[in-house]
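Close look at the chain arrangement
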Amino acid sequence: MTVLLTVFAGYFGGKEVPEVTRLWVDALRAESEFMVLCFDNNSPGFWPKQWLEDSGMLILSKQHGEYDFGSYKRGIAAAQEKKWYQQSSHLLLCNDSVVGPISPLKPVLGRMQSNEDEAWGLTQSDQITPHLQSYFLLLGRKVFGHHDVQAFFRSISVQQSRYDVIEKYELGFSRLLLALGFPLRAFFIGEDCLDPRNGKRMINPTAYPLSLVCMGSPLIKTKALRDPLANNDSLLSTLKLIAKKNPYLWNALWRSIPFRRLWQEAQ
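Residue numbering note: each chain is counted from 1, following its sequence as written. Side-chain atom pairs in this predicted model are given and counted only at pLDDT of 80 or more, local residue features only at pLDDT of at least 70, and totals for whole chains, interfaces and linings cover all residues. With hydrogens and water excluded, all non-hydrogen atoms of the structure serve as input to the side-chain values.

1. Section: the overall build of the protein chain
Which entries qualify depends on this criterion: Note on conventions: DSSP H or I runs of at least 4 residues are helices, E runs of at least 2 residues are strands, and numbering of each starts at the N terminus. Radius of gyration means the value over C-alpha atoms here, while the globule rule gives 2.2 Å times the residue count to the 0.38 power. Accessible area is worked out with a 1.4 Å probe on protein chains only. A residue is then buried under 20% of its type maximum, exposed over 50%, and partly exposed in between. Two residues qualify as a contact provided that any one of their heavy atoms is within 4.5 Å of a heavy atom in the partner residue. Accessibility throughout is a Shrake-Rupley quantity obtained with a 1.4 Å probe, and a residue counts as covered only by protein chains that appear here.
Along the protein chain, the regular secondary structure elements total 13 helices and ten strands. Over its C-alpha atoms the protein chain spans a radius of gyration of 18 Å, differing by no more than 12% from the 18 Å that the globule rule assigns to 267 residues. Counting all 267 residues of the protein chain, 52% fall into the buried class. When contacts within the protein chain are restricted to residue pairs at least 6 apart in sequence, those whose partners lie at least 24 apart make up 68%. As presented, the protein chain carries roughly 12400 Å² of accessible surface, and 51% of it is formed by carbon and sulfur atoms.

In structure tokens, the structure reads:
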């Protein structure tokens, strides 16, 4: 029996959760038996009522400065206290650096949850060294239950820079998985992610949002919508695709993210 525990890492300012984040959380909740939300900011003045009334959801909100992996650490610990961790067959670690879903999550999650001894990422990156990108990681019971994996998350602490976090935790986690004998499995493997401009392998697949969505990705990194250098596809075409695939999400993006001038210029 498949039982999914989702630990979600997020950050926001203001007095309520951004609408785009709420849409993403609600989509994940629909696929999860248990869910822990861990925000790296102090509690706002308002939480969505359905979150507070959901017995299978737990909300943690306190500034800790340890980035996403610090939130993963806290979410895992909280799930262990509630015995959700022990009841789950799979653990999904994901964050709010994406918008979605552009398409249904079920086909992606279904494939990733076919075995309990595998570690999956939505995408694999070759930047610095091949690794699973940590915005969407799914671990089977034999992986997240491994003593060394649990010790890895307990050891997470504040680092001096974002680069140190990437090197020690995002890259370090992939190195640990390989050392323990768990191969790095990606929904979009590097060999299939080819730059449409020249046919060469993509160094960072998330910089090709239009290509990934056309291949079946349900997510687009928000960086690709606010930084033209992080979108090697057409920004205009990416925006049009979101509006076509998920009009409600597009309207939420337009209302909540202050990049309208950039988008207007693209259009």
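2. Digging into the pattern of salt bridges
When the charged atoms of two side chains with opposite charge come close together, those side chains can pair. Note the cut-off: In what follows, salt bridge is the name for a side-chain nitrogen of Lys or Arg lying within 4 Å of a carboxyl oxygen of Asp or Glu.
Following the criterion strictly, the structure yields ten salt bridges and no others. Where Arg22 meets Glu16, a salt bridge forms, and the shortest distance between an N and an O atom there is 3.9 Å. Among the ionic pairs, Glu167 bridges to Arg175, the shortest N-O distance being 3.2 Å. Shared partners join several salt bridges into a network, and the residues in it are Glu66, Lys73 and Arg74.

3. Observations regarding the environment of Asp40
Quick reminder of the rule: N or O atoms within 3.5 Å of each other form a polar contact, as long as, within protein, one can give a hydrogen and the other can take it, and as long as residues adjacent in sequence are counted only when both atoms are side-chain atoms.
As for its position among the elements, Asp40 is in the loop between β2 (34–39) and α2 (49–52). In contact with Asp40, not counting residues within four places along its chain, are Gly10, Tyr11, Lys62, Gln63, His64, Gly65, Glu66, Tyr67 and Ser71. At 2.6 Å, the side chain of Asp40 forms a polar contact with the backbone nitrogen of His64.

4. A few points about the nonpolar core
Which entries qualify depends on this criterion: In this text, buried Ala, Val, Leu, Ile, Met, Phe, Trp, Tyr and Cys residues form a nonpolar core when linked through side-chain atoms within 4.5 Å.
Core analysis: the largest hydrophobic core is formed by 32 residues, its most contacted members being Leu5, Leu91, Leu93, Phe153 and Phe173. In this structure Phe153 touches Phe69, Tyr72, Lys73, Ile76, Leu93 and Phe173, once residues within four positions along its chain are discounted.

5. Details of the packing of helix α3 (residues 67–81) against helix α7 (residues 147–154)
Stated precisely, the cut-off is as follows: Convention adopted: a line fitted to C-alpha atoms gives each axis, helices being fitted over their contacting stretch, and angles between N-to-C directions are expressed from 0 to 180 degrees. The labels follow the angle: roughly parallel below 35 degrees, roughly antiparallel above 145, roughly perpendicular from 65 to 115, and oblique for the rest. Charged means Asp, Glu, Lys or Arg here, nonpolar means Ala, Val, Leu, Ile, Met, Phe, Trp, Tyr, Cys or Pro, and polar covers whatever is left, Gly included.
The geometry of α3 relative to α7 is characterised by a closest axis approach of 8 Å and an angle of 120 degrees between their N-to-C directions. Compared by their axis directions, α3 and α7 come out oblique. Note on element contacts: α7 touches α3 through Gln150, Phe152, Phe153 and Arg154, opposite Phe69, Tyr72, Lys73, Ile76 and Gln80. Per-class residue counts for the contact of α3 with α7 are five nonpolar, two polar and two charged.

Geometric descriptors of this kind do not, in isolation, establish any biological role.
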